[in-house]
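# Chains, contacts and geometry: an overview
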Amino acid sequence: ELKGIVFVIQSQSNSFHSKRAEDLKKDILNQAVDLGKELPTVLLIHQIDRHEGAWTILPLMRDFSVTYGRNTSWIFFCEEDTRIQVVKLLETLRRFDKSKEWFLGKALYDEESTIIHHYAFAENPTVFKFPDFAAGWALSIPLVNKLAKMLKSEPLKSDFTIDLKHEIALYIWQKGEGPHLTPVPEFCTDDVNSYKVDHCATTFSNFLPLCGEPVNKEDIFVAVKTCQKFHGDRIPVVKQTWEREAALIEYYSDYADISIPTIDLGIPNTDRGHCGKTFAILERFLNHTSPKTPWLVVVDDDTLISIFRLRKLLSCYDPNEPVFLGERYGYGLGTGGYSYITGGGGMVFSRTAVQKLLASKCRCYSMDAPDDMVLGMCFSGLGIPVTHSPLFHQARPMDYPKDYLSHQIPVSFHKHWNIDPVKVYFTWLASDTEESHNGKKVGYNREDL
């Protein structure tokens, strides 16, 4: 029965995202009404605010077990852009014995071992399957109850949450003692209009959000963090690829080089962290750029980013809200830690967010502290949640499953290691208007990368 399913939407408190999640909740409830069924429970993650780390899901298992452990069959998780055919979902779940431990989803796997999964299953990463959250995934209540018990006796081992879908699958698997992910062909990420979706219980909106005109080029100030030793190899890549898309761009280094040009902020380069440099950039943005420029993007010199796509994405956000946007990681969330935007994929700030941050007393505890983590800690202390977008990427395209990237229009990737970054940019990030490179038509194929 439908009332035996608890729907959990991976929602966020930012106004754009919370509206999307509310719309999905309404759609699920309307389908239930049309079927003449008793209404199911639909939860929005961001409203379960007792947990800073509610988005990492595992800390909620004990609550789920206590609240729903007796009178429910399934917890079904989905993203705000997952579309659900409730009738087909019911039919699909009926195939599985709800009294047993089930972990159901659309299976992803790594084709090669990757840093974002700590090189797990290095000999053959394809053996380990983890769910594509976009397609939705489900846990039977007996498994939820078991996880709740386990989490009571053995808390999560890692301090960091980097790729949640992989980490949840690893925890459930319990080194082979627990269930593997069971692939369910009805959990799909094809677009709702695709001819392939007749059998699908779920589909996924495969598009870049656009909520009006893209923001103007002049509305985004881009700050590139670099240092003298990378002026010769990384900066030329930026200039060959995405620099021309940026109307306002400055390069910040430990050395003023007129040929680029770079600006020396008087902060010595550090081998790691760069907190001092990033806070100096935030101060400069607030005090030395036009107050009419609503957005700041801070990237590394080896970040590949599509400003063209970012302009579309930012049309969905209100710069009068304190927005801190990018790829979300977590630190110590089981024990009152914080979420942060990982720097390599690019960190996007509304001017309002920068104003609130700098008006507070929160600063670097050392010049080489990790800037992205300090920012996360500061915003968490201010009660400003980070806003996650899966379109920003801390790693290279080959560090993600092909099937995962196939339903994305990415905004950024990071790192030049063992790749041709110019080729990666023109294959994955260049807009149609940019397809010619040095006057020649670029014909790269994603499969080559």
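Definitions and limits used
- Residues numbered from 1 in each chain as written.
- Predicted model: local features only at pLDDT ≥ 70, side-chain atom pairs only at ≥ 80, totals over all residues.
- Heavy atoms only, no water.
- Phe/Tyr/Trp six-rings, centres within 6.5 Å; stacked < 30°, edge-to-face > 60°.
- Buried < 20%, exposed > 50% of the residue type's maximum accessible area, 1.4 Å probe, protein only.
- Lys NZ or Arg CZ within 6 Å of the ring centre and 35° of its normal.
- pLDDT = per-residue confidence, 0-100.
- Contact = heavy atoms within 4.5 Å.
- UniProt positions renumbered as here; feature names shortened; annotations may be inferred.
- Helix = DSSP H or I, 4+ residues; strand = E, 2+ residues; numbered from the N terminus.
- Disulfide = S-S within 2.5 Å.

Quick look at the packing of aromatic side chains now. In total, this model carries 24 aromatic pairs according to the counting rule given. Seen from their ring centres, Phe133 and Trp137 are 5.1 Å apart, and the 10 degrees between their planes marks the pair as stacked. The same class applies to Phe133 as to Trp137, namely buried. Put simply, the rings of Phe64, Tyr68, Phe77, Phe103, Phe133 and Trp137 touch in pairs and so form one group of aromatic residues. For Arg328, the ring lying beneath its charged end belongs to Trp55, and the centroid distance is 4.0 Å. The ring of Phe285 carries Arg351 above its face, with NZ or CZ at 4.2 Å from the centroid.

As a further point, take the confidence of the model for the chain. Averaged over every residue, the pLDDT of the chain is 93; the share at 70 or more is 96%. Here residues 435-443 scores under 50 on pLDDT; set against residues more than four positions off or in separate chains, the count is 11 contacts.

Glancing now at the UniProt feature "domain: Fringe-like glycosyltransferase" (unreviewed entry) in the chain. The UniProt record marks residues 67-158 and 214-425 with the feature "domain: Fringe-like glycosyltransferase" (unreviewed entry), using the residue numbering of this structure. As annotated, residues 67-158 has a helix share of 26% and a strand share of 22%, and its two end C-alpha atoms lie 27 Å apart. With 27% helix and 21% strand, residues 214-425 has end C-alpha atoms that lie 21 Å from one another.

On to the state of the cysteines, then. Counted under the stated rule, the structure contains four disulfides. The disulfide that involves Cys188 links it to Cys200, with 2.0 Å between the sulfurs. Across the S-S bond of Cys188 and Cys200 the torsion is about -95 degrees, and the bridge reads as left-handed. Of the two residues, Cys188 sits in the loop between β10 (182-183) and β11 (202-204) while Cys200 sits in the loop between β10 and β11, which places them 12 residues apart along the sequence. Overall, Cys188 belongs to the buried group, its relative accessible area being 4%. Note on cysteine connectivity: Cys211 is disulfide-linked to Cys316, with sulfurs 2.0 Å apart. One quick way to see it: the torsion about the S-S bond of Cys211 and Cys316 is about 90 degrees, and its sign makes the bridge right-handed. One end of the pair, Cys211, is in the loop between β11 and β12 (220-225); the other, Cys316, is in the loop between α8 (307-314) and β17 (324-326), and 105 residues separate them in sequence. Residue classification places Cys316 among the buried positions, given a relative accessible area of 9%. Unpaired in terms of disulfides, Cys78 finds its nearest cysteine sulfur in Cys188, a separation of 14 Å.

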